[in-house]
Amino acid sequence: MPIKPGTHRLGPHNATLSVETARKGAAAKAGHDLVMEVTSWEAEVDVAKDPAIALTADGGSLRVREGSGGVAALGDEEKVAIEQTIDDEVLGRATIEFRSSAFELDPGGTSATVHGELALAGTSRPISFEVRNEDGRLTGRATLKQSDWGIKPYSALFGTLKVADEVEVAIDAGL
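Q: Let's hear about the sheet that holds strand E10 (residues 123-134): which residues, and what values?
A: If you walk across this open sheet you meet the eleven strands as E1-E5-E6-E8-E9-E10-E11-E14-E2-E4-E7, and the pairing is antiparallel. Both edges of this open sheet fall to strand E1 (6-10) and strand E7 (62-68), since each of them pairs with a single strand only. For this sheet, the mean angle separating the axes of adjacent strands, direction not counted, is 20°. Pairing of strand E2 (residues 15-21) with strand E14 (residues 166-174), which is carried by six bridges, proceeds in the antiparallel orientation. Residue pairing for E14: Ser18 is matched across the bridge by Ala170. Its contacts with the sheet place helix H1 (residues 76-90) against strand E4 (33-38) and E7, and it is angled at close to 130° to E7.

Q: Tell me about the pattern of salt bridges, and please be specific about residues and values.
A: Under the definition given, this model contains ten salt bridges. For Arg23, the salt bridge is made with Asp33, and the minimal N-O distance between the two is 3.0 Å. Highlighted residues: Arg23 in strand E3 (residues 23-24) and Asp33 in strand E4, separated in sequence by ten residues. For Asp33, a relative accessible area of 23% corresponds to the partly exposed category. Here Arg65 ties to Glu37 by a salt bridge, and the two come within 3.1 Å at their closest N and O atoms. Linking Arg65 in strand E7 with Glu37 in strand E4, this pair joins segments that are 28 residues apart in sequence.

Q: Provide a residue-level description of the packing of aromatic side chains, including the pertinent values.
A: Going through the model one piece at a time under the given rule, you end up with one aromatic pair. Arg125 extends its terminal NZ or CZ atom over the ring of Trp149, reaching a point 5.8 Å from the ring centre.

Q: Can you tell me about the pairing of strand E8 (residues 95-105), naming the residues and giving the values?
A: Alignment of strand E6 (residues 52-58) against E8, held across five bridges, turns out to be antiparallel. Bridging across to E8, Asp58 finds its partner in Thr95. Pairing geometry for E8 and strand E9 (residues 111-120), over eight bridges, is antiparallel. In the sheet register, Ala102 faces E9, and the bridge partner there is His115.

Q: Report on the side chain of Gln146, specifying residues and quantitative values.
A: Within the secondary structure, Gln146 sits in the loop between strand E11 (137-145) and strand E12 (155-156). If we skip the residues at most four places from it in the chain, Gln146 touches Val90, Ile151, Pro153, Val163, Ala164, Asp165 and Val167.

Q: Before we move on, could you go through the environment of Val169 and cite the residues and values that matter?
A: Relative to the helices and strands, Val169 is located in strand E14. On a C-alpha basis, the gap between Val169 and Ser18 in space is 5.7 Å, while along the polypeptide they are 151 residues apart. In this structure Val169 touches Leu17, Ser18, Val19, Gly140, Arg141, Ala142 and Leu144, once residues within four positions along its chain are discounted.

Quick notes on the rules
Sequence positions are assigned chain by chain, starting from 1 and proceeding in written order. Predicted model: local features are reported for residues with pLDDT of at least 70 only, side-chain atom pairs are reported and counted for 80 or more only, and whole-chain, interface and lining totals are derived from all residues. Hydrogens and water molecules were not included; the side-chain quantities draw on all heavy atoms of the structure. Here, a strand pair is defined by DSSP locating no fewer than two bridges between the strands. Only runs of H or I of at least four residues qualify as helices and only runs of E of at least two qualify as strands under DSSP, and these elements are numbered from the N terminus. Fitted lines through C-alpha atoms serve as axes, helices being fitted only where they are in contact, and the angles separating the N-to-C directions of these axes extend from 0 to 180 degrees. Pairs of residues are marked as contacts when any of their non-hydrogen atoms sit within 4.5 Å. Throughout this description, the term salt bridge denotes a Lys or Arg side-chain nitrogen within 4 Å of a carboxyl oxygen of Asp or Glu. Note on exposure labels: buried denotes an accessible area under 20% of the residue type's maximum, exposed denotes more than 50%, and partly exposed covers the range between, all computed with a 1.4 Å probe on protein chains only. What counts as a ring pair is set by centres within 6.5 Å for rings of Phe, Tyr and Trp (its six-membered ring), and what kind of pair is set by the plane angle: stacked under 30 degrees, edge-to-face over 60, tilted for all other angles. Throughout this description, the term charge over a ring refers to an Arg CZ or Lys NZ atom that lies within 6 Å of the ring centre and within 35 degrees of the ring normal.

And the structure:
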C-alpha cells in the first residue's frame, strides 16, 4: 500500500520514537542494552510532489522503557540515574532537529529513502535512512554513530563497561 498523500503530524500521541543502545567492553555482562522512548517530540511528514520530513525532539525527554541483559534486572532507580546521565553528560537537554533534503519514493510508493541533516548535541551532520509503509504504519530505523556528532559514548568501571558508539533510532507511527 503506498504512503498516503498529504501532511501527517506525528508525536507521542500517535507514534513512538525510540533509541536503542547496546553495551560492550570487558564488563559488558554487568550492563544493560537499553530501549528508551523520546516522550516530547513532533514531526511533520509531507507526502506530496516534493515530500519532506521535519522533526523536533526535546533531548531531555528520553525515558528508559526497557533494559535487557545485565547481572541484575534494571530497577527504577537505575533508570532514573541513566536518564539523569543522558541529560547532564550526553545530550545536555538540547533540542534535536532533523530536516529532510531529499525524499526518494520507491516506484510502488511503499518505502522511501530519506536524506537530510540531523542537529544533535550542537553538531549538524547529514544522515540517510529508509522509511516504510506497512499496513498503514510508517516505520523507519537509522543507525547513528554518537562520535560523529561529537558525543563520547558513556563508559563506567574505568572504561570496562561502555555504551556502543552506534545507537539505533526507530519510529513507528500510524498514518
